[in-house]
Each structure stands twice: as C-alpha cells, then as structure tokens.
Amino acid sequence: MKLTEFTLIEARNALRRGETNSVALTEAILEQIVVQDNDIKSYLTITAEQAVKAAQTADQKRANGEDLPLLGIPVAVKDIICTRGVPTTAGSKILEGFVPPYNAFVVDKLEAAGAIIVGKTNTDEFAMGSSTENSAYVTTANPWDLSRVPGGSSGGSAAAVAANMAFGALGTDTGGSVRQPASFCGLVGLRPTYGRVSRWGVIAFASSLDQVGTFGRTVADCTAMFEVVAGYDRRDSTSLNIPVPDYSAALTGDIKGLRVGVPAEFFIEGIQAEVETAVHAAIVKLEDLGAEIIPISLPHTRYALPAYYIIAPAEASTNLARYDGIRYGPRLVAEDMIASVKKTRSLFGSEVKRRIMLGTYALSAGYYDEYYGRALKVRSLIKRDFLQAFEKVDVIACPTSPTTAFKIGERADDPLSMYLADIFTLSVNLSASCGVSVPCGLDSKGLPIGLQLIGNTLDEATILNAAFAYEQATNWRVNINE
Ligand code: GLN
C-alpha cells in the first residue's frame, strides 16, 4: 500500500511505531498532488516548502520523545479559513492576493496538535454553493468521476481527502457544505453543533449558521480532526465554554438500544431511487446492530429551504458589506470614492451578487418583517420540531443529499436546482443540532451515497459512534485507487 492510501489513524500509528516519518508522508502527499491535482484541482494554494519544513520539525519533536494527536500528519484547509502568511481568498476575486496576518483559531489548533498544512482548498465563492462551480478560480472535479462535481462548497477539501492528497481536511458548513461534499466523495464529514468550534478567523458568510467541520476517510479520522479543533475561544462570542469530551473514546461501536428516528418528511418525491434504497438499507443495518427504529415527524421541514435562503443571504449581505476595496484585497479605482467602491464590488461573482441582492431586499424597511422576521419565526418552529424529536430519539437518520454527484455544468444556470442539493442538510444548521454524513453505498454509476445521522445539540459523540458502528459493520469505504 502506498503511504498516501493510509487512513489518518493508520498514518499516525505508522509514525508512532517509527515505520515512517513525517517528511516521507508529506513528500508522498505532495507527490500525489503533483500527479493528481492537475485533473482534480482541489488546491488553490500549495504550501510545499512550509509543509516540508514543518514535517522536519515534527520528526525532530518525535525523535525527542514528544507525541501529539496529529504530529506530522499532512492535512488540508479550506481557503475560507485564515492562514497567517498564506493567501486566503474565500474563492473570490475580491480577496485575490489577501494574505492574512493571523491564523484562524482552528488553524492554530491544528498546528498545536502537530498537523502539517499542505495547502488551501477550493471553495465556492464565500462558500455559497454546492458544487465549487461558483469558485472564481477553478472548478474542482470529483475524484470518482472527473466529469462530475465534488459537491460544495467545501468541494476542494473533500476531493483532496478522497484522492489521497491529504489525510484529513477542514471545511465549513453553513447549510451543508461539509456533509454534502462528503456524501458526493465517499467520505465522512461532520458538521458540529454551532458554537462547538470557534469561528475566529473564518471568513464570515452567514454568522448564525457558519461552523467549521471536518473530513476524514473514516469516522475515526473525521473524529480525530474534530477533537483537535473543537473547544472554547474567547475571541468568538458564540463559542461555547464547555469541556471537549474524548470523542475518539466514544467510538465503541455499541449502539444497542440507540433510538433512531426516521422522519417521513425526508423521503420526498424527486429523491434519486438508489439513494432512497441505500438509506433505507442502512437504517435496517442500524436495526440489525441493535438500534430501535422509530418513525418521527419534523413537520416544518419543507420550510427549511425558503427560511435558509432568507436568513443566509440576509446575514451575507451585511457580512459582505466590508469588501469595499479600501480595507481588504484589490482596489479598482474610478473617478470618485463611490465609483471606486462600485467598481471594486463588481469583482463579486454572480451568485454572491444574487445573495447580496436577496439579503438586502429581505432586510429593507417595509419588507423586514414580511421576510426576515418571518424566516426567523420559521427557524424557531424548525428548532422546536427537532427539540421535540430528540425527546423521543437519540439520532435522526436520513439521506445527506437527494442525489449522488451531478455533472459539472448541469445545474450551473439553475440556482434553484443547485439549492435543492442541500435540502436535507439545511435544517441541522437552522436548528443548532449536529450532523454527520457516512458512506452507505454506491449508485449504478458507482458514485457514493451518504447516510446522514443528525444529533441533538452538542451530542456529536452519539452520532459519531452511530456512524462508526455502521461503518464497522459495512464496507463502503472503497479506495479510489483500487
Ligand atoms: N449550498 C448552500 C448555500 O449555497 C450551503 C453552503 C454552505 O454550507 N456553505 O448556501
């Protein structure tokens, strides 16, 4: 087996046993990037030199008897997360050339855990999208089929991990952007509870929904990444000041007596038949493993998409007001200040402009109550649905996305059909619960299907363990190079 084909945990074991070292792992990953990334295009920036240096330091530390959770392991970071001295674009021309003078909290955490950051991965512009086609730079291809999208917006991170160009990666999930690409690329992707991971240094899209999530080839890999970045940070006022449990220790594989809710509203018309079949089979598997299956109802599910597409653009329109060419990024100069700001802001891509217009409209005097106010009320109802469901069940099982990976270009001109890719993930963000996507099969074209397991607020341990139990009992993790 090639070094790059190790799971993160296997790589860590090999390092601990002295069977390899971090420089060898890092060079193997960089070589894999050279071989694969011309076609896949998962990285916007590759920090090869820095990575090799950091790997040398990691090897030195190990030689001195030190050990850390990710010591010497090459990982990737979505390009919406600030990295000191390394360009961070959020997939946008309006941040072209922006080099943050500081690290995001999660990047500091990765580095403190000994991880080697090999590069910054492609994203839809400001994380608005489900395919990476809204990136101002490149479209990432799905490693399973290069004519298809990897999902998005964290599609670069997902493709990099799936094609063995990193052992794990960070993404962000505002409406589904970790779980949906994980599902499309045959990976495990976690969206933690809002507040579990600090947003400090994460370029804001929709502040009440944004959260950093992690990708892994296995549940244990995804968990190892997650437990390193979770935790309190006083610089994010929404960060939760509560201890981080030992999530890896929670992966016992025992789900006897686990109450699994199956919401009728998530098996709707328009869902790809093979996805529905695979997810139902996965639920039967959970039952075989000792779980109790309980039909539930989340009656306000159908309002999640419309509510999200008011709330997220409203927050985006205010967050994106800061890009005026004066404080960050490129400045396009015209006859006066207003004209210069206008010209600079024309650097936004069309999806971002659409969201700014939608959001500005929804927040404008006269429409605020009718749109934004109403969407907030719907959000409360969705939250209540989940609270009530979690009185009866421990976990909710449903598809991650209604389809498998679609073709590049297929939905690019139809925003609504693009928005529908996240129909099953959005409610998690609106309700402050957490969710994980785990591979549960392949469709007739050989494309991965994802099972979504949703958990109550701060109950990541339970969904990760359920995903782990399922993963251990099945064998959907296929090595892409086989
Ligand atoms: N696809 C959704 C959107 O475009 C979610 C994106 C995300 O989670 N960042 O808003």
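This section reports on the structure supplied with the text.

Definitions and cut-offs
- Residues numbered from 1 in each chain as written.
- Predicted model: local features only at pLDDT ≥ 70, side-chain atom pairs only at ≥ 80, totals over all residues.
- Heavy atoms only, no water.
- Near = heavy atom within 4 Å.
- Polar contact = N/O pair within 3.5 Å; in protein donor to acceptor, adjacent residues only side chain to side chain.
- Areas by Shrake-Rupley, 256 points an atom, 1.4 Å probe, with all protein chains shown as cover.
- Nonpolar A, V, L, I, M, F, W, Y, C, P; charged D, E, K, R; others polar.
- Salt bridge = Lys/Arg side-chain N within 4 Å of Asp/Glu carboxyl O.
- Buried < 20%, exposed > 50% of the residue type's maximum accessible area, 1.4 Å probe, protein only.
- Pairing = 2+ DSSP bridges.
- Helix = DSSP H or I, 4+ residues; strand = E, 2+ residues; numbered from the N terminus.
- Axes fitted to C-alpha atoms, helices over the stretch in contact; angles between N-to-C directions.
- Contact = heavy atoms within 4.5 Å.
- Core = buried A, V, L, I, M, F, W, Y, C linked by side-chain atoms within 4.5 Å.

Focus on the site of the ligand
As a structural note, the neighbourhood of the ligand is formed by 15 residues, with Gly175, Ser177, Tyr308, Arg355 and Asp422 the closest of them. Glycine 175 is positioned with one of its backbone polar atoms (N or O) 2.6 Å from an oxygen atom of the ligand. Within the backbone of glycine 176, an N or O atom sits 3.2 Å from an oxygen atom of the ligand. Computed on the free molecule, the ligand has an accessible area of 300 Å², of which 99% lies beneath the protein chains in the complex. Looking at the shell around the ligand residue by residue, the class counts come to five nonpolar, seven polar and three charged.

Observations regarding the pattern of salt bridges
Using the criterion set out here, one finds 13 salt bridges in the structure. Among the salt bridges present, the one from aspartate 145 reaches arginine 148, with a minimum N-O distance of 2.9 Å. Between aspartate 173 and arginine 179 there is a salt bridge, with its nearest N and O atoms 2.8 Å apart. For the pair aspartate 173 and arginine 179, one class covers both residues: buried. A single network of salt bridges, built from pairs that share partners, joins Arg16, Arg62 and Asp67.

Notes on the sheet that holds strand 5 (residues 188-191)
One open sheet accounts for 11 strands, arranged 1-3-2-4-6-5-10-11-9-7-8; its pairing is mixed. Two strands close off the open sheet at either side, each with one partner strand: strand 1 (43-46) and strand 8 (292-296). Direction aside, neighbouring strands of the sheet carry axes that sit 30° apart on average. Bridge count for strand 7 (residues 259-263) against strand 8 is five bridges, and the pairing is parallel. If you follow glycine 261 over to strand 8, its bridge partner there is isoleucine 294. Lying on the sheet, helix 8 (residues 273-288) is in contact with strand 7, strand 8, strand 9 (395-399), strand 10 (434-442) and strand 11 (448-455); it crosses strand 11 at an angle near 50°.

Thoughts on helix 4 (residues 105-112)
Listed in full, the buried residues belonging to helix 4 are Phe105, Val106, Val107 and Leu110. Just past helix 4, the residue glycine 114 takes up positive phi, approximately 90°.

Here we look at the nonpolar core
The biggest cluster of nonpolar side chains holds 142 residues, and the ones touching the most others in it are Ile81, Val106, Leu110, Phe126 and Leu453. The element best represented in this core is helix 9 (residues 304-319), accounting for 10 residues. In this structure, Val149, Phe184, Ala405 and Ala421 belong to the second largest nonpolar core, which totals six residues.

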